[in-house]
Amino acid sequence: MANGLVGVVLAAGAGSRFGAPKALARDDDGAWLPRACDLLAGAGCGTVLAVLGAEAEEARHLLPKGAHAIIATRWSEGIGESLHVALTAAQSVHAEAVLVTLVDLPTLQPEAVERVAERWTGDQKVLARAVDGETPGHPVLIGGAHLRPLLATVGGTRGASHYLDAHRAEPVDCTGLGVAADVDTR
């Protein structure tokens, strides 16, 4: 695995449909936030950033050793704001590529994260995303050449889907590995 791969967990939302911030969610296997961070670290991310917003101070205490909290002050405006904060932070740590996942994928399997991370071979133009059949999911791999142009297009409720579609992100088959199984209700 080449150096410069930065992992990002988007975990800022209030979880209004869920009933609580998902950064604080847990199930029988433990808290979701440290699990997501550990998946990224285990796949070779040298730096792991967790974008926090709602209940950020409480969520910060759940971060595993080595993961860094990034606070999205305008998190309530939508996932695009969290992604904007994440990409800006990734640039500040000189990321060569960014591997992005969501906190609300508690069944995401290490194999899926590793499959997408393996697409990072040092190519700054890499753009790939996990898919479950035809359904796009996470993680998403964004090469350094895409960071600035993508950053210019995200914000509010607008995430990266439009950019990934327009630039034909490579689909990485992760069928059955939890890549599109985001949890919106308890």
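Heads up: these notes are all about the structure in this document.

About the thresholds
- Residues numbered from 1 in each chain as written.
- Predicted model: local features only at pLDDT ≥ 70, side-chain atom pairs only at ≥ 80, totals over all residues.
- Heavy atoms only, no water.
- Helix = DSSP H or I, 4+ residues; strand = E, 2+ residues; numbered from the N terminus.
- Buried < 20%, exposed > 50% of the residue type's maximum accessible area, 1.4 Å probe, protein only.
- Polar contact = N/O pair within 3.5 Å; in protein donor to acceptor, adjacent residues only side chain to side chain.
- Contact = heavy atoms within 4.5 Å.
- Core = buried A, V, L, I, M, F, W, Y, C linked by side-chain atoms within 4.5 Å.
- Phe/Tyr/Trp six-rings, centres within 6.5 Å; stacked < 30°, edge-to-face > 60°.

Some details on the side chain of Lys-22
Working step 1: Here Lys-22 is to be found in the loop between β1 (5-11) and β2 (26-27).
Working step 2: Owing to a relative accessible area of 11%, Lys-22 belongs among the buried residues under this scheme.
Working step 3: Among the polar contacts made by the side chain of Lys-22, one reaches the main-chain carbonyl oxygen of Val-183 at a distance of 2.8 Å.
Working step 4: Sequence-distant contacts of Lys-22, defined by excluding residues within four places in its chain, comprise Gly-13, Gly-15, Trp-32, Val-103, Asp-104, Val-183 and Asp-184.

Describing the nonpolar core
Working step 1: Grouped together as the largest cluster of nonpolar side chains are 66 residues, with contacts concentrated most on Val-8, Leu-33, Leu-99 and Leu-141.
Working step 2: Residue contacts for Val-8: discarding those within four places in its chain leaves Leu-40, Leu-49, Val-51, Ala-86, Val-98, Leu-99, Val-100 and Thr-101.

Some points on the packing of aromatic side chains
Working step 1: Applying the stated rule across the entire model yields one aromatic pair.
Working step 2: Ring plane angle 50° and centroid distance 5.5 Å describe the contact between Phe-18 and Trp-32, whose orientation is recorded as tilted. Here Phe-18 is found in the loop between β1 and β2, whereas its partner Trp-32 is found in helix α1 (residues 32-42), with 14 residues between them in sequence. Trp-32 carries the same exposure label as Phe-18, and that label is buried.

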